[in-house]
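# Per-entry structural report
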Amino acid sequence: MISAFWLMLLQGLLGAFDTVYYHECKARLPAGGALTRLELWLHGARDLVYALLFGTLPVVAWCGQWALVLMGLIGLEIVMTMADFVVEVKSRAPVGVLAGERVTHGCMAIVYGAMLACLLPNVITWYSQPSAFVSLDMPVPGALRVALLIMAGGVLLSGVRDVYAALGLPGGSFPWSRA
């Protein structure tokens, strides 16, 4: 399970880079208006799932029926990611998706798959237990736990920003000019 947490940390770092460098600085998605609205909605929804994963997995086990909810959330995140791959081609048609961003997404997919492979045996064990959220019964390095919890907050804020921009609310495109 500790391997899953280290992979989550790597996923979070790659995701932060992707968001700041490609989504904000290069594509300026929050300023895209109607063209990027659906992509921003997908990012916002997906970020909520990531916030739940990063914020809960280092702290609690999703036991019993909650393990099915966890797998459902992970499945939903995967579907949203696949939809995002399709949507970003359309929303970025004027400039295209940069090659480096595609490589970053590929790396993130590999890391996410490895993380899920490390997580799955634990989820199977949790499923056989009574339904509850219980304190994680394994030692997690304090710095790793704190880093993942900080990332949970960061990805939640990023998702809120994307939804705010998708709604076209005042200041949602800051610091970029609205398209």
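Attention in this report is confined to the structure presented alongside it.

What counts, and where the lines are drawn
Residues numbered from 1 in each chain as written. Predicted model: local features only at pLDDT ≥ 70, side-chain atom pairs only at ≥ 80, totals over all residues. Heavy atoms only, no water. Patch = residues over 30% accessible without salt bridge, like charges linked within 9 Å, V, L, I, M, F, W, Y side chains within 5 Å. Areas by Shrake-Rupley, 256 points an atom, 1.4 Å probe, with all protein chains shown as cover. Salt bridge = Lys/Arg side-chain N within 4 Å of Asp/Glu carboxyl O. Helix = DSSP H or I, 4+ residues; strand = E, 2+ residues; numbered from the N terminus. Core = buried A, V, L, I, M, F, W, Y, C linked by side-chain atoms within 4.5 Å. Buried < 20%, exposed > 50% of the residue type's maximum accessible area, 1.4 Å probe, protein only. Contact = heavy atoms within 4.5 Å. Pairing = 2+ DSSP bridges. Lys, Arg positive; Asp, Glu negative; His and termini not counted.

With that settled, the discussion passes to a nonpolar patch on the surface. A cluster of nonpolar side chains, Leu38, Trp41, Tyr164, Leu167 and Leu169, forms an exposed patch at the surface whose accessible area comes to about 460 Å². Secondary-structure assignment places leucine 38 in helix 2 (residues 37-56).

One finds Phe5, Leu57, Leu119 and Trp126 to be the most contacted residues of the largest nonpolar core, which totals 37 residues. If you list the elements that add at least two residues to this core, you get helix 1 (2-26), helix 2, strand 1 (60-63), helix 3 (65-91), helix 4 (99-127) and helix 5 (142-166). For this core, the element with the most residues is helix 4, which contributes 7 residues. Setting aside residues no more than four positions away along its own chain, leucine 119 makes contact with Met1, Ala4, Leu57, Ile74 and Trp126.

For a regular strand, side chains alternate in direction, first toward one face of the sheet and then toward the other. Going residue by residue along strand 1, you find Val60 and Trp62 tucked away on one face and Ala61 and Cys63 tucked away on the opposite face as well. Strand direction decides the pairing type here: strand 1 and strand 2 (residues 132-135), joined by 4 bridges, are antiparallel. From the neighbouring strand, tryptophan 62 faces strand 2, where its bridge partner is phenylalanine 133.

Relative to the helices and strands, aspartate 47 is located in helix 2. The buried charged residue aspartate 47 lacks any salt bridge, with arginine 46 as its nearest oppositely charged partner at 5.1 Å. Aspartate 47 has contacts with Val155, Ser158, Gly159 and Asp162, leaving out every residue within four places of it along the chain.

What is shown is where atoms sit, not what they do.
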